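Commentary on secondary and tertiary structure
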Amino acid sequence: MSTKVLNQRLLDDTQFWKGKNVQLPKYDRKTIPVKSICFSAGRMAYGHTGDIMQDLLNLDPSTGLMVGIETFSPKYVTELSASDFLITQPIFENEKGKVTPKIQGAIDSILYLDANTNSLAWARLLEYARDPQVQFATINAPEGAYGVTYNGGDFAEPISPVLIKDMEEGTVNSDAAKWTLFAMERFKAGLKFAMVSCTNFSGNGHYTAATLKTVARAWETKGFAPAGFLDYLSDSSRFSFPNCMIDRIAVSPDESIRQQMEAIGIRSNLVVTEKARYWAVEDNFPAGRPAFEKAEGVFMESSYEEVKKYEDMKLRILNMSHSVIAGLGVLLGYRGNYGIYNAMKNEMIATLIQRIIDIVIQTVDKPKQMDPKAFAADAITRLNNPNIPDDPMRIALNASTKMLPRFLDTYYAAEAKGIPRDQLNLILLPVAGFIRYTMGVDDQNIAYSLEDDPRKDLLTACASKAVIGEPASAVAFREIIAHKDIMGKDLYQHGDTGAILEEMVSKMLAGSDAVARTVAEYLTK
């Protein structure tokens, strides 16, 4: 069957779409103004926020379109421009083969920004900064793009050499400096705004606020920003940084999905998602906002304290489950497309996840508009979706940053509630799996490459001293077990937790199949 490239002209061809089970935009994107910005307009921008905006646009076109910003890949923008920035989103339900393709049109266009602020792309973005109709921006960048570390308070600690240079010279090579320049133009125009980080980590609004304020303080001190800019960013009635919890699995397509598109008769950029979609947002939008709450799975809350309940629930249930598979699952051979789905067929992994979830439900605060038990049941269903080609190695990225929010926070809360030691140990098993993962060799002595991690040098240095077949070599990992930034505390100074974790690792080093034997041992205690 011949195929056509998806673009605006094809979208407008009603005859072409007859008889095709494809959800199309119900609005005329050619006549609708831009009212929001999307920094880092990648998979999650289209598959999550853009999908929410499309649902709202279908109800009320005055919601406005988004303009995307890309800073990494000009080729990505070129490919999308060939389709007039339309994209096809196959939304897979949990029944095998059940899919609803959806044409996403909420993102009007994407601008590629480099460090040349004299470019037409920059000129256009700054026009949007001065436009009173534009109400908010989202950020879908990975955590590393912020270029800082943050431990609370008004300011962050810059660690990226690129960001540090931007702060010293008033340049915009880093993403954080680009966001700050946009905010500065908004300040000069005397307009209110909200910048919503959709990056998947706790307190993302606070983190973003501290990042921009750190750049603004440096620029104002050095004369690159006008007086009062830092005060503007510090006044949430003028410029806010709402915190949010964002939840949807969005992955790259595999060959079977491309074949489905051929059956429809189109060639298109693709983002593959599950049906489930959640967004809990702190409701602070000084310049106004769309009626987000009218979209399915969106919860507007009055404070970060309320948003954090959704955040903790998601991190400790769904994300925890993913990280169990990204550590222990990878060691047991579950890697590559559909690795998450296949791992859930392993009875030990599925049982361990369920038993940790049972502890989470006893220790996590209940959000106002969601029941953790219902969310947990939905999470298990989502993990067993046979249609999503999700690779556990995707979750292993930056694994050292995930141990505290996904496991140790639950461990400490469970300790405080008097949960018995045999149950507490189950929470430590995936942490031991993460440590064993750093050796780059699975339970059958098959090698794999570690994903990137901000502490990769430390992880590999420790792993290089450990030896499969020599359980006593687990002492090589003591620096990791004692690392406060990874574990939240020095676990050797926290009762017998450090010793228990080291013993688990030593058991996993006993030889081939030692990881599987160790998991089985602790599950039967």
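A short tour of the structure in this document, coming up. (Residues numbered from 1 in each chain as written. Predicted model: local features only at pLDDT ≥ 70, side-chain atom pairs only at ≥ 80, totals over all residues. Heavy atoms only, no water.)

1. Thoughts on the sheet that holds strand 3 (residues 65-70)
- One open sheet holds the six strands; their spatial order is 6-3-2-7-10-11, and the pairing between them is parallel. Edge strands, defined here as strands with exactly one partner in the open sheet, are strand 6 (107-112) and strand 11 (239-240).
- Two elements, strand 7 (residues 136-139) and strand 10 (residues 193-197), share four bridges in a ladder whose sense is parallel. Across the sheet, phenylalanine 136 pairs through a bridge with alanine 194, a residue of strand 10.
- Strands strand 2 (34-39), strand 7, strand 10 and strand 11 of the sheet are contacted by helix 7 (residues 175-188), whose axis makes an angle of about 165 degrees with strand 10. (Pairing = 2+ DSSP bridges. Helix = DSSP H or I, 4+ residues; strand = E, 2+ residues; numbered from the N terminus. Contact = heavy atoms within 4.5 Å. Axes fitted to C-alpha atoms, helices over the stretch in contact; angles between N-to-C directions.)

2. Examining helix 16 (residues 403-416)
- Between its terminal C-alpha atoms helix 16 stretches 19 Å, which fits the 20 Å expected from 14 residues at 1.5 Å a residue.
- Aspartate 409 marks where helix 16 bends most, by close to 25 degrees.
- Looking at the buried residues of helix 16, the elements they touch are helix 11 (304-331), helix 13 (347-363), helix 15 (392-396), helix 17 (421-437), helix 20 (484-487) and helix 21 (497-508).
- One or two residues past the end of helix 16 sits glycine 418, with phi positive at roughly 80 degrees. (Expected span 1.5 Å × (residues − 1). Bend = angle between axes of the 7 residues up to and from the residue.)

3. Quick look at the layout of surface pockets
- A volume near 490 Å³ is recorded for the second largest pocket.
- In this structure, the second largest pocket is lined by 19 residues; those nearest its centre are Gln23, Asp55, Ile91, Lys102 and Glu296.
- At the level of secondary structure, the elements contributing two or more residues to the lining of the second largest pocket comprise helix 3 (43-59) and strand 5 (99-104).
- When residues in the lining of the second largest pocket are grouped by element, the largest group, five residues, is from helix 3. (1 Å grid on protein atoms, 1.4 Å probe; cavity = no way out; pocket = protein on both sides within 12 Å on 5 of 7 lines; lining within 4 Å. Points joined across faces, edges and corners; volume = space filled by probe spheres on them.)

4. Here's the deal with the packing of aromatic side chains
- All told, the structure shown has 21 aromatic pairs when counted by the stated rule.
- Aromatic side chains tyrosine 146 and phenylalanine 201 sit 5.6 Å apart centroid to centroid with 80 degrees between the ring planes, which places their arrangement in the edge-to-face category. Note that tyrosine 146 is positioned in the loop between strand 7 and strand 8 (148-149) and phenylalanine 201 in the loop between strand 10 and helix 8 (204-222), a separation of 55 residues in sequence. One exposure class covers both tyrosine 146 and phenylalanine 201, and it is buried.
- Note on phenylalanine 182 and phenylalanine 193: the rings are 5.2 Å apart at their centroids and 55 degrees apart in plane angle, and the pair reads as tilted. Separated by 11 residues along the polypeptide, phenylalanine 182 in helix 7 and phenylalanine 193 in strand 10 bring together distant segments of the chain. Take phenylalanine 182 and phenylalanine 193: they sit in the same class, and that class is buried.
- Cluster of aromatic residues (ring-pair linked, three or more members): Phe39, Phe182, Phe187, Phe193, Phe229, Tyr232, Phe239 and Phe241.
- In this arrangement the basic side chain of lysine 20 is found over the ring face of phenylalanine 16, its NZ or CZ atom lying 4.2 Å from the centre.
- A cation over an aromatic ring shows up here: lysine 489 above the ring of tyrosine 412, its NZ or CZ 4.4 Å from the ring centre. (Phe/Tyr/Trp six-rings, centres within 6.5 Å; stacked < 30°, edge-to-face > 60°. Buried < 20%, exposed > 50% of the residue type's maximum accessible area, 1.4 Å probe, protein only. Lys NZ or Arg CZ within 6 Å of the ring centre and 35° of its normal.)

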